Number of protein chains: 2
Amino acid sequence: MMNFPSPADIREAAERIRPYAHRTPVMTSAQLNRLAGCELHFKCENLQRIGAFKIRGAINAVFSLSDSEAAGGVATHSSGNHAQALALAASLRGIKATIVMPENAPAVKIAAVKGYGGNIIFCKPTHEARERTLQEFLDASGGELIHPYNDFRIITGQATAGMELIEEIGAPDAVIAPVGGGGLLSGTSLSTTYFAPDADTYGAEPALADDAYRSIRDGIIHPPLPPATIADGLLTGLGEKTFAVISQHTRRILTVEEDTIRKAMQLLMERMKLVVEPSGAVALAAVLQHPKEFSGKKVGVIISGGNLDLSQIPVLLQTS
Amino acid sequence: MMNFPSPADIREAAERIRPYAHRTPVMTSAQLNRLAGCELHFKCENLQRIGAFKIRGAINAVFSLSDSEAAGGVATHSSGNHAQALALAASLRGIKATIVMPENAPAVKIAAVKGYGGNIIFCKPTHEARERTLQEFLDASGGELIHPYNDFRIITGQATAGMELIEEIGAPDAVIAPVGGGGLLSGTSLSTTYFAPDADTYGAEPALADDAYRSIRDGIIHPPLPPATIADGLLTGLGEKTFAVISQHTRRILTVEEDTIRKAMQLLMERMKLVVEPSGAVALAAVLQHPKEFSGKKVGVIISGGNLDLSQIPVLLQTS
């Protein structure tokens, strides 16, 4: 039996991140409410520092280390937002961050990690190479492993987004967050359970990357599928900690088609003037694709991030 | 001698529009402050209803009509945001709006006006044809002309954006707004003069459409130049009312290069995750291009709108 983070843990995390992370705004749109047939409250983590919720978990993890733990630095593997988040969190605490990144990581992500003073070790772009390269580094150099999502310090940090959302709008009927590795969804599910106990939490996942859906359905962790969805932030599989939290505290995982993700992204950009990455639009996509689940309800929707290559916007919005 | 709108007029306009327009957020970015060397406060009118500040003036104009004036409906010519704004304002009051639009207006703008129940009359795409077609309609059918900018009811409505900005951030050192026909800049200049009397107001204008700059310099209204800038919302020339207000209450008009507009647009989208139209990025562009004018100052920057064809983003961001 695992000990999940408690309400007090989440409140402590909120105190810990307050000096460093934004309290992001919650936005609404009468037009989108009419279109969706429910009352939508968007928690805008695309307006968070580094453009994604990931900074919450990274700061909570880095700042909950003791001085002696912190002295050895932190390390992780990530090609995405967690890499930047950990590099920034470490620089805020004045300690070293080492990030194992695949050698084909986008130049802009590499530059961002370097910009925060992160130390990068490149590896072959396979899951095995990432794990092995990181382990070799930790064995040789020490340092604290901060996993991108399968870590309760990370989950607790991500939970603060849902807590802020509920503080802002009062108890909703439902809260929905995208699911990749499950850090954000685990944290959101815990915050909803604790701070809005009558509300249901939903996960939203691309049908082309539905390993979390199948994992929860079958009661075992299925590995991630090969990359096929435009929501490239949601390609990772669950870890045993996120699997456990989601199994117990998430009502349902809803899968969405690619064209619905494109439509949701377009609506957020056109109607709400928010730059969102495809993964950041998946929660709204789930509301649009499963209208009966949300009809007439007050729904908190987490926009997880807004980091994308602007030159790709027309391609990303092109429906089939 | 013209009677300019008074502080009381602007406060009244704010009351009038309050039930219908958003009080838009003011956003900041530590990264952009570092880059610009000053303290920037962005008034986000791209997050306004219809995606632009224009709804403020339209609502103020439409709702300040007496019942008998309103009964005959309102009319204007516009191919842009004022067309949508007036159609929406009229529908909110339950009266008729007639909009003269050039026959080559973008389909999306035509659809938006129709969506608000506006009655469209098409004309040839010349300034003369627009004026004549509108006059013919007014002669035949009556109705109240609501000019897009050369109208003190419009200017007073647009002034509420600057007033809200000052209420929100306290007295700034400078406020900067883009200038096309001059409605927004006139209103902003009046609000700054009244509500932050020690602050300077600046206009921002593309060098490729610098008729306002030359008009103020030469003391006569120069006609607009042929379309050449990507900031297509700023192509109109000043009217005698906006010319008079700007001559008296604006410190300077700063011109900007196209590449600076592109850079400002990219920064707002990438760093602040805000969808802005090129015209909406011109005020930030002026801060970037004239750093000495703003160095170390507290600067209010009005992002005027966010309506653009998303498929054009890569083209718009491509620097020469």
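For the structure, see preceding data.
Engineer: Pulling in residues and values, what's your account of the overall build of chain A?
Structural biologist: A tally of helices and strands in chain A yields 15 helices and 10 strands. Taking 2.2 N^0.38 as the reference for a compact globule, 320 residues should give roughly 20 Å; the C-alpha atoms of chain A span a radius of gyration of 18 Å, in line with that estimate. Relative to its 320 residues, chain A shows a buried fraction of 61%. A sequence separation of at least 24 residues applies to 72% of the contacts in chain A between residues at least 6 apart. With the model as given, the accessible surface of chain A reaches about 12200 Å², and the carbon-plus-sulfur share is 50%. Across chain A, the 29 positively charged side chains and the 33 negatively charged ones have centroids separated by 4 Å.

Engineer: How would you sum up the relation of the copies chain A and chain B? Please name residues and give values.
Structural biologist: Note on the identical chains: chain A maps onto chain B by a rotation of 180 degrees and an axial translation of 0.0 Å, with an RMSD of 0.0 Å. The transformation relating the two chain copies, once decomposed into turn and shift, fits a two-fold axis. Using C-alpha coordinates, one finds that chain A approaches the rotation axis most closely at A:Leu274, a distance of 2.6 Å. Of the interface residues in chain A, 100% have counterparts in chain B that sit at the interface too, so the contact is made through matching surfaces.

Engineer: Describe helix 12 (residues 258–270) of chain A, and please don't skip the residues or the numbers.
Structural biologist: Between its terminal C-alpha atoms helix 12 of chain A stretches 18 Å, which fits the 18 Å expected from 13 residues at 1.5 Å a residue. All of the buried residues along helix 12 of chain A are A:Glu258, A:Thr260, A:Ile261, A:Arg262, A:Ala264, A:Met265, A:Leu267, A:Leu268 and A:Met269.

Engineer: Just give me the short version of the interface of chain A and chain B, but keep the residues and values in it.
Structural biologist: Contacts between the two partners involve 20 residues from chain A, matched on the other side by 20 residues from chain B. Summing both partners gives a buried area of about 1400 Å² for chain A against chain B, and 72% of it is carried by carbon and sulfur. Summed over the three residues of chain A that lose the most area to chain B, namely A:Lys273, A:Val275 and A:Leu310, the buried surface amounts to 44% of that side. Counting across the chain A and chain B interface gives six residue pairs in polar contact (both at pLDDT 80 or more). Secondary structure elements with two or more residues in the side of chain A that touches chain B: helix 12 and helix 15 (313–317) of chain A. Grouping the constituent residues of the side of chain A that touches chain B by class yields 11 nonpolar, seven polar and two charged.

Engineer: I'd like a rundown of the pattern of salt bridges, residues and numbers included.
Structural biologist: One pass over the structure, following the stated rule, counts 36 salt bridges over all chains. For the salt bridge of A:Glu293 with A:Arg251, the shortest nitrogen-to-oxygen distance reads 3.9 Å. Of this pair, A:Glu293 sits in helix 14 (residues 291–294) while A:Arg251 sits in the loop between helix 11 (240–249) and strand 9 (252–256), and the two are 42 residues apart along the sequence. With a closest N to O distance of 2.8 Å, B:Arg217 and B:Asp218 form a salt bridge. Look at B:Asp218 and you get partly exposed, because its relative accessible area is 37%. One continuous salt-bridge network, built from bridges that share partners, spans A:Lys43, A:Glu45, A:Arg56 and A:Glu164.

Engineer: Could you give me a rundown of the pairing of strand 9 (residues 252–256) of chain B, with the residues and numbers involved?
Structural biologist: All names here are of chain B. Burial runs high along strand 9: four of the five residues are buried. Looking at chain direction, strand 8 (residues 200–206) and strand 9 are connected through five bridges and run parallel. Paired with Gly-203 across the bridge in strand 9 is Ile-253.

Engineer: If you had to explain the environment of A:Ala83 to someone new, which residues and values would you point to?
Structural biologist: Residue and element names in this part refer to chain A. Within the fold, Ala-83 resides in helix 5 (residues 81–93). Overall, Ala-83 belongs to the buried group, its relative accessible area being 0%. As for Ala-83 and Gly-118, which are separated by 35 residues in sequence, their C-alpha atoms are 8.5 Å apart. In contact with Ala-83, not counting residues within four places along its chain, are Ser-78, Ile-99, Met-101 and Val-113.

Engineer: Explain the environment of B:Val179 to me, using residue names and the numbers behind them.
Structural biologist: Residue and element names in this part refer to chain B. By the element assignment, Val-179 lies in the loop between strand 7 (174–178) and helix 9 (183–195). According to the relative accessible area criterion, Val-179 is buried, its value standing at 0%. Along the sequence, Val-179 and Gly-233 sit 54 residues apart, while their C-alpha atoms lie 9.1 Å from each other. Apart from residues no more than four positions distant in its own chain, Val-179 is found in contact with Leu-185, Ala-204, Glu-205, Ala-212, Leu-234, Leu-238, Ile-246 and Ile-253.

Engineer: Describe the nonpolar core, listing the residues and the values that go with them.
Structural biologist: Core analysis: the largest hydrophobic core is formed by 88 residues, its most contacted members being A:Leu40, A:Phe42, A:Ile176, B:Leu40, B:Phe42 and B:Ile176. Setting aside residues up to four positions removed in sequence, B:Ile176 forms contacts with B:Tyr202, B:Ala204, B:Leu254, B:Ala283, B:Ala286, B:Val287, B:Phe294, B:Val299, B:Gly300, B:Val301 and B:Ile302.

Engineer: Requested: an account of the packing of helix 8 (residues 152–169) of chain B against helix 9 of chain B, with residues and values cited.
Structural biologist: Residues and elements named next belong to chain B. Between helix 8 and helix 9, whose axes approach to 7 Å, the crossing angle comes to 50 degrees. When the axis of helix 8 is compared with that of helix 9, the two are oblique. Where helix 8 crosses over helix 9, the two elements pack in a sense that is right-handed. Residues Ile-155, Gln-158, Ala-159, Gly-162, Met-163 and Ile-166 of helix 8 form the contact with helix 9, whose participating residues are Gly-183, Leu-184, Ser-186, Gly-187, Thr-188, Leu-190, Ser-191, Thr-192 and Phe-195. Residue classes in the contact of helix 8 with helix 9 are distributed as seven nonpolar, eight polar and no charged.

Cut-offs applied
- Residues numbered from 1 in each chain as written.
- Chains lettered and ligands numbered in written order.
- Predicted model: local features only at pLDDT ≥ 70, side-chain atom pairs only at ≥ 80, totals over all residues.
- Heavy atoms only, no water.
- Helix = DSSP H or I, 4+ residues; strand = E, 2+ residues; numbered from the N terminus.
- Rg over C-alpha atoms; globule rule 2.2 N^0.38 Å.
- Buried < 20%, exposed > 50% of the residue type's maximum accessible area, 1.4 Å probe, protein only.
- Contact = heavy atoms within 4.5 Å.
- Areas by Shrake-Rupley, 256 points an atom, 1.4 Å probe, with all protein chains shown as cover.
- Lys, Arg positive; Asp, Glu negative; His and termini not counted.
- Charge placed at Lys NZ, Arg CZ, Asp CG, Glu CD.
- Least-squares fit on C-alpha atoms with pLDDT ≥ 70 in both.
- Expected span 1.5 Å × (residues − 1).
- Buried area = accessible area lost by both parts, 1.4 Å probe.
- Polar contact = N/O pair within 3.5 Å; in protein donor to acceptor, adjacent residues only side chain to side chain.
- Nonpolar A, V, L, I, M, F, W, Y, C, P; charged D, E, K, R; others polar.
- Salt bridge = Lys/Arg side-chain N within 4 Å of Asp/Glu carboxyl O.
- Pairing = 2+ DSSP bridges.
- Core = buried A, V, L, I, M, F, W, Y, C linked by side-chain atoms within 4.5 Å.
- Axes fitted to C-alpha atoms, helices over the stretch in contact; angles between N-to-C directions.
- Parallel < 35°, antiparallel > 145°, perpendicular 65-115°, else oblique.
- Left-handed = near helix turned anticlockwise from the far one by under 90°.

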